[in-house]
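# Descriptive structure summary
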2 protein chains.
Amino acid sequence: MQHRSDRRATIRDVAKAAGVSPITASRAMQGSGLVRPKTIEKVVQAAKQLDYIPNLAAGTLSTNASHLVAVILPNMSNSIFADTLQSISDSLRDSGYQLLVGYSDNSPELEELLVRTFLSRRADAIVMTGHMHSDETNTLLRRAGVPIVEMWSLNDKPLDTCVGISNFDAARSMTEFMLDKGHRRVAFIGGLLKNNDRTQSRLEGYRAALEAAGLDYDPDLVREVPFEFEHGSLAMRELLAARQKPDAVFAASDILALGALLECNQQGLSVPGDIAVAGFDDERLASLIKPSLTTIGVPRQAIGEKVASVVLSALRGAPVDQRIFDMGFTLVERESA
Amino acid sequence: MQHRSDRRATIRDVAKAAGVSPITASRAMQGSGLVRPKTIEKVVQAAKQLDYIPNLAAGTLSTNASHLVAVILPNMSNSIFADTLQSISDSLRDSGYQLLVGYSDNSPELEELLVRTFLSRRADAIVMTGHMHSDETNTLLRRAGVPIVEMWSLNDKPLDTCVGISNFDAARSMTEFMLDKGHRRVAFIGGLLKNNDRTQSRLEGYRAALEAAGLDYDPDLVREVPFEFEHGSLAMRELLAARQKPDAVFAASDILALGALLECNQQGLSVPGDIAVAGFDDERLASLIKPSLTTIGVPRQAIGEKVASVVLSALRGAPVDQRIFDMGFTLVERESA
DNA sequence: ATCTAAAATGATACCGGTACCATTTTACTG
DNA sequence: CAGTAAAATGGTACCGGTATCATTTTAGAT
């Protein structure tokens, strides 16, 4: 922990060493195009000599631009979000923006706290997951004066802009797909509904498809569990223990579907022979396991890229005319259903 | 994108509204304990009234403390690191620190860039993964004047402090374990070695165990592939296609081991009957699949907590006497080996 | 060589907090 | 109730960049 007693070099030190004024040094480092090449050279040399490291806090204070884009995700364990995050990160890097990431754990209170911190740090833009925010959060965001993007779920009237897919349509499509295959008792293993518009919409889509097919909604066929592998297994075990077993199961995530598949394996049921199983997300594993998993493909990367491009144009002052970007999903038919 | 034309409230505005001086308002908001409760109340009310949001850039500039802890990870897709990150985040939250996360993609150049940015943002501490840095990065870090923690791998002479496990010992133990079981042709499926001290140490541990057992190191039994499920399968396929098949496989991550297991399944080989398989990391899935996976358990959460506690004591000025924290691993014996 | 527009450079102030030190107010003591 | 220490509060300056506008230098035209 070798703390150096000598103060770090400032732009003024660099300027002095280069024999120019601080503001010229600043412009030289910024590549503003206003400085003569020879002068830039002098400044850069001086900076290198002095191990100059600019202080972005000062820059932020002065320009009111932090070059930070804040992103709030539900959690850090879901690889789905990781892919989108990666894609946002990659797309923003070249423009000199850095990500400030926070995890809300699906708690509106935590989310509000995060928004406050991000505003305090003067994030240049804020990217949220979903559109279920506390009233206070909504107020904060509306007043924020920075671009806001809500991603993953579509939303009729976003705070500002939204980029995502219709979870409702996707879930309805998959349910219809199974019904079309002749299944009549289609169960639904969904994630926790609270504060999660994605899981809610998926359940609604499932119900809508049943209704359209003239089937009754049977609560016994629906399980609401955390998005964890083992809960997929447990839910499946419960469904299979019932007097009237399902002939198909639609899980609202591949993780849950995998758990369900495993349980079928354990019980010696053939998939899709005895029971069909479908997932949601199209995770890497989905195509690799046996039987490969029928699922909903979500353009995670495209979502990230679109989010980044929306943020960038907004930050460049280009008016984003479109406020809702439907990135579309695909129903990926494989072996399991 | 409703930008408000009116300037955001500053601490001076709040102070004026509360009828106190800016510095008193500042102290009231900070909870410094120097302000009378009645005054605090006035200030807090005024702040709420004005929708005051403090500007942390200004605070950082003034106090030279950003309340940011920077963390550099190899990638964002590996859940192993996510768990540690989560644990660091949780442990630091209460002390008011926020994480600034960057991903190096195992590239020393990217890592250096990240370090520069983090120093520019005046991160209060920097947490790195591993200890393979460019010379320039080492210089930067040594001069940084902030606590540095290198995590995950142990290191004889860390830049500052390091918290992790001995990948060498872990790999050697697992290899010995398999040899003790009577296997004689133990293959090794490892991750890419370049710029990754964890994979390198694991390979060395594997070799050391062979050597100790008087066995020759056979390059044909070693595969160096990316840490991806499908590469585990591919590597296993290659190993099984050879004239002399292995009787055991040690994969340097559970992801690879899963891929390998799958390939065995495909080929109708029984595990561990025909061939034993072991992994590394003890991921969630490891205990759930069939056969459950014998693997190396890494205290991911404990690593995160220790990292956080080291960072916190350093930031509080408490001298951390110990510089190397060996968090230990466990060999988790399950069905697959 | 002279003039003018464009290109470079610079002086000063400001961004919004807080450190530092001085001053005032409060609370306690005898 | 004075006297004193402790508790609150405030004035001023500063952190390290850059915006703004003024000034100087350079390059091109005549």
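This is a predicted model, so every value here is computed, not measured.

## Details of the protein's contact with DNA strand C
- Taken together, 27 residues sit near DNA strand C, with A:T39, B:I11, B:R12, B:S26 and B:S62 positioned nearest.
- Measuring from a phosphate oxygen of DNA strand C, one finds a backbone N or O atom of A:R36 at 3.1 Å.
- Within the contact set of DNA strand C, a phosphate oxygen lies 2.6 Å away from a backbone nitrogen or oxygen of B:I11.
- For the surface near DNA strand C, the per-class residue count stands at twelve nonpolar, ten polar and five charged.

## Points about the domain arrangement of chain A
Residue and element names in this part refer to chain A.
- Under the domain assignment used here, chain A contains domain 1 (11-54), domain 2 (64-165 + 300-326) and domain 3 (167-297).
- Inter-centroid distance (C-alpha atoms) of domain 2 to domain 3 is 30 Å.
- Taken together, the contact between domain 2 and domain 3 spans 15 residues of the former and eleven residues of the latter.
- Buried surface at the junction of domain 2 and domain 3, both sides included, amounts to about 1100 Å², of which 43% is carbon and sulfur.
- Interface area lost by domain 2 to domain 3 is led by N106, M132 and I165, which between them contribute 42%.
- Across the contact surface, domain 2 and domain 3 share seven residue pairs in polar contact (both at pLDDT 80 or more).
- Secondary-structure elements contributing two or more residues to the side of domain 2 that touches domain 3 are α5 (79-93) and β4 (148-153).
- Sort the elements by how many residues they give to the side of domain 2 that touches domain 3 and α5 lands first, with three residues.

## Details of the protein's contact with DNA strand D
- Residues in close proximity to DNA strand D total 26 residues, the closest being A:I11, A:R12, A:S26, A:S62 and B:T39.
- The side chain of A:Q30 places a nitrogen or oxygen atom 2.9 Å from a phosphate oxygen of DNA strand D.
- Separating a phosphate oxygen of DNA strand D from a backbone N or O atom of B:R36 is a distance of 3.0 Å.
- Sorting the residues of the surface near DNA strand D by element identifies α1 (11-18), α2 (22-30) and α4 (56-63) of chain A together with α2 (22-30) and α4 (56-63) of chain B as the ones contributing at least two each.
- The element contributing the most residues to the surface near DNA strand D is α4(A), with four residues.
- When grouped by side-chain class, the residues that make up the surface near DNA strand D number twelve nonpolar, eleven polar and three charged.

## A few points about the side chain of B:T199
Residue and element names in this part refer to chain B.
- Topologically, T199 is positioned in helix α9 (residues 197-212).
- The exposure class of T199 is buried, given its relative accessible area of 2%.
- Of note is the side chain of T199, whose polar atom sits 2.9 Å from the backbone oxygen of L192.
- Beyond its immediate stretch of four places on either side in the chain, T199 contacts G191, L192, L193 and F227.

## Re the relation of the copies chain A and chain B
- Overlay of chain A on chain B (RMSD 0.1 Å): rotation 180 degrees, translation along the axis 0.1 Å. When the rotation and shift are considered jointly, the pair of chain copies conforms to a two-fold rotation axis. In terms of C-alpha distance to the rotation axis, chain A has A:A57 as its closest residue, with the C-alpha 2.4 Å off the axis.
- Comparing interface residues between copies, 98% of those in chain A also sit at the interface in chain B, which points to an isologous, same-surface contact.

## Here's the deal with the packing of aromatic side chains
- Enumeration according to the criterion identifies ten aromatic pairs over all chains in this entry.
- Pairing A:F81 with A:W152 gives two aromatic rings, centres 5.4 Å apart and planes at 75 degrees, and the pair type is edge-to-face. One end of the pair, A:F81, is in helix α5; the other, A:W152, is in strand β4, and 71 residues separate them in sequence. Considered together, A:F81 and A:W152 belong to a single accessibility category, that of buried residues.
- The interplanar angle of 20 degrees and the centroid separation of 6.4 Å between the aromatic rings of B:F250 and B:F280 together place this pair among those described as stacked. Linking B:F250 in strand β8 (residues 248-251) with B:F280 in the loop between β9 (276-278) and β10 (295-297), this pair joins segments that are 30 residues apart in sequence.
- Since its relative accessible area comes to 0%, B:F250 is described here as buried.
- By relative accessible area, B:F280 is classed as buried at 0%.
- An aromatic cluster of at least three residues, connected via ring pairs, comprises A:F188, A:Y206, A:Y217, A:F250 and A:F280.

## Looking at the pattern of salt bridges
- Taken as a whole and judged by the stated rule, the model has 30 salt bridges over all chains.
- Between A:E112 and A:R116 there is a salt bridge, with its nearest N and O atoms 3.5 Å apart. Of this pair, A:E112 and A:R116 are both found in helix α6 (residues 108-120), four residues apart, which corresponds to roughly one turn of the helix.
- With relative accessibility at 33%, the residue A:R116 sits in the partly exposed group.
- Linking B:E136 and B:R116 is a salt bridge whose minimum nitrogen-to-oxygen distance equals 3.2 Å. Of the two residues, B:E136 is situated in helix α7 (residues 135-144) and B:R116 in helix α6 (residues 108-120); the sequence distance between them amounts to 20 residues.

Definitions and limits used
Residues numbered from 1 in each chain as written. Chains lettered and ligands numbered in written order. Predicted model: local features only at pLDDT ≥ 70, side-chain atom pairs only at ≥ 80, totals over all residues. Heavy atoms only, no water. Near = heavy atom within 4 Å. Polar contact = N/O pair within 3.5 Å; in protein donor to acceptor, adjacent residues only side chain to side chain. Nonpolar A, V, L, I, M, F, W, Y, C, P; charged D, E, K, R; others polar. Domains from an automatic or database assignment. Contact = heavy atoms within 4.5 Å. Buried area = accessible area lost by both parts, 1.4 Å probe. Helix = DSSP H or I, 4+ residues; strand = E, 2+ residues; numbered from the N terminus. Buried < 20%, exposed > 50% of the residue type's maximum accessible area, 1.4 Å probe, protein only. Least-squares fit on C-alpha atoms with pLDDT ≥ 70 in both. Phe/Tyr/Trp six-rings, centres within 6.5 Å; stacked < 30°, edge-to-face > 60°. Salt bridge = Lys/Arg side-chain N within 4 Å of Asp/Glu carboxyl O.

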